[in-house]
Amino acid sequence: MDKQQLLKDYQKQEDKMCLSQLLDKIEFSKTREKIEHTDFLDMYQVALVENFLKKIKFENYKLYGGYEEAERKIAIIYPEKYNEKMLEKNYTKMVKVVRILLLEEEQGNYSHRNYLGGIVKLGLKREKVGDIVVCQKGADIITLEDFADILREQLPSLTRFETSKISVEEIQRLQKREVKVETIKIIVPSLRLDNIVSDLARTSRSKAVQIIEQERVFVNGQNEKKASKQLKINDIITIRGKGRFTIKQLAGTTRSGRTVVAIEKYTKIDPVSTNIISIKAYFLKEKIGFY
């Protein structure tokens, strides 16, 4: 395998490093006849790795993040003798869940940012951690198997988690992520990517082009850097820091010829904001005498 030849078209040093490590995993898996896997990849790296593997026509791989909609995933490389069922039996040897159960009086007070901020504050490697699934009672942090005990031991040193119950669970026990889906309508000149991103991110078109150039936009799971790309019905657009959206329907045109587009917006339910709404509702009930 000629690494330099395979990587010659990639200009960014971090892309070359990521793919070079991937090629090492492929080589190890082939020579040792064993399953190998990478650290967790972010959305950009997932797209980079998937496109690269398709380019070199390598098929014995699986991108896995613990659940279907996971944003951060590991790339699993396996020998040809493995089938899907055999692979699934090995998931628990690769990925675990570190569960944080908050005291009752603290439940609903922490968002995704609080949990991720704690990991960063501890100086732990982000690539060892996958998605963080937040609920009212706490959070499930998806991690590499060999990192789970380290994280479990380190988290109680943070003031915010010193009284929490922290345990390591099998990946099959991962709690379901609560997602709210709402339909919104936007009006755009055309279905060009920069027009759609501008409206969904609530920013100017020039700023939307910058967001695209910063490689923060994904269409159907693939990083898209072409602002002029034409989108279509059922395309899924992910804007890092803004959310995930699906184009569902062209709902007509305005008198000026602009297109009305029905979009499904996916929002991860934040127990903190839900708790705030509950508190507001409580005071409203007390004030007007009914709920």
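In case you missed it, the structure is sitting above this.
Let me begin by describing the structure that accompanies this report. (Residues numbered from 1 in each chain as written. Predicted model: local features only at pLDDT ≥ 70, side-chain atom pairs only at ≥ 80, totals over all residues. Heavy atoms only, no water.)

Things to note about the packing of aromatic side chains
Under the definition given, this model contains 5 aromatic pairs. Aromatic side chains Tyr10 and Phe52 sit 5.9 Å apart centroid to centroid with 70 degrees between the ring planes, which places their arrangement in the edge-to-face category. In this pair, Tyr10 sits in the loop between α1 (3-6) and α2 (13-32) while Phe52 sits in helix α3 (residues 43-55), placing the two residues 42 residues apart along the sequence. With relative accessibility at 14%, the residue Tyr10 sits in the buried group. By relative accessible area, Phe52 is classed as buried at 0%. Between the aromatic rings of Tyr110 and Phe161, the centroid separation amounts to 5.8 Å while the plane-to-plane angle is 85 degrees, which identifies the pairing as edge-to-face. Separated by 51 residues along the polypeptide, Tyr110 in the loop between β4 (95-101) and α6 (112-121) and Phe161 in the loop between α7 (148-154) and β7 (165-170) bring together distant segments of the chain. (Phe/Tyr/Trp six-rings, centres within 6.5 Å; stacked < 30°, edge-to-face > 60°. Helix = DSSP H or I, 4+ residues; strand = E, 2+ residues; numbered from the N terminus. Buried < 20%, exposed > 50% of the residue type's maximum accessible area, 1.4 Å probe, protein only.)

Let's talk about the packing of α2 against α3
As a packed pair, α2 and α3 sit with axes 11 Å apart at the nearest point and diverge in direction by 55 degrees. When the axis of α2 is compared with that of α3, the two are oblique. Like other packed secondary-structure pairs, α2 and α3 cross with a definite hand, here right-handed. Residue-level contacts link Asp15, Cys18, Leu19, Leu22, Leu23 and Ile26 of α2 to Tyr44, Gln45, Leu48, Val49, Phe52 and Leu53 of α3. Here the residues of the contact of α2 with α3 are counted per class, giving 10 nonpolar, 1 polar and 1 charged. (Axes fitted to C-alpha atoms, helices over the stretch in contact; angles between N-to-C directions. Parallel < 35°, antiparallel > 145°, perpendicular 65-115°, else oblique. Left-handed = near helix turned anticlockwise from the far one by under 90°. Contact = heavy atoms within 4.5 Å. Nonpolar A, V, L, I, M, F, W, Y, C, P; charged D, E, K, R; others polar.)

A short note on the sheet that holds β7
What holds strands together in a sheet is hydrogen bonding between their backbones, with the strands either parallel or antiparallel. What the 4 strands build is an open sheet, ordered β5-β6-β4-β7; its pairing is antiparallel. Only two strands of the sheet have a single neighbouring strand rather than two, namely β5 (129-135) and β7. Strand-to-strand twist in this sheet, taken as the mean axis angle between neighbours without regard to direction, amounts to 20 degrees. (Pairing = 2+ DSSP bridges.)

What about the pattern of salt bridges?
Under the definition given, this model contains 17 salt bridges. Between Lys8 and Asp9 there is a salt bridge, with its nearest N and O atoms 3.4 Å apart. For Asp9, a relative accessible area of 45% gives the class partly exposed. For Lys232, the salt bridge identified is with Asp235, shortest N-O distance 3.3 Å. Overall, Lys232 belongs to the exposed group, its relative accessible area being 52%. According to the relative accessible area criterion, Asp235 is buried, its value standing at 3%. One salt-bridge network, in which partners are shared between bridges, spans Lys8, Asp9 and Lys55. (Salt bridge = Lys/Arg side-chain N within 4 Å of Asp/Glu carboxyl O.)

Re the environment of Asp149
As for its position among the elements, Asp149 is in helix α7. A sequence separation of 27 residues divides Asp149 from Leu122, and the C-alpha atoms of the two residues are 14 Å apart.

Topic: the layout of surface pockets
Reported here for the second largest pocket is a volume of approximately 320 Å³. Together, 14 residues line the second largest pocket, and Gln21, Asp39, Leu41, Gln45 and Glu127 are the ones closest to its centre. For the lining of the second largest pocket, the elements supplying multiple residues, two or more each, are α2 and α3. Here the lining of the second largest pocket gets 6 residues from one element, more than from any other, and that element is α2. Looking at the lining of the second largest pocket residue by residue, the class counts come to 6 nonpolar, 3 polar and 5 charged. (1 Å grid on protein atoms, 1.4 Å probe; cavity = no way out; pocket = protein on both sides within 12 Å on 5 of 7 lines; lining within 4 Å. Points joined across faces, edges and corners; volume = space filled by probe spheres on them.)

Considering helix α8 (residues 193-200)
Counting buried positions along α8 gives 7 out of 8 residues, so the element sits mostly inside the fold. By the burial criterion, the buried members of α8 are Leu193, Asp194, Asn195, Ile196, Val197, Ser198 and Leu200. Once α8 finishes, Arg202 follows within two positions and takes phi at roughly 55 degrees, a positive value.

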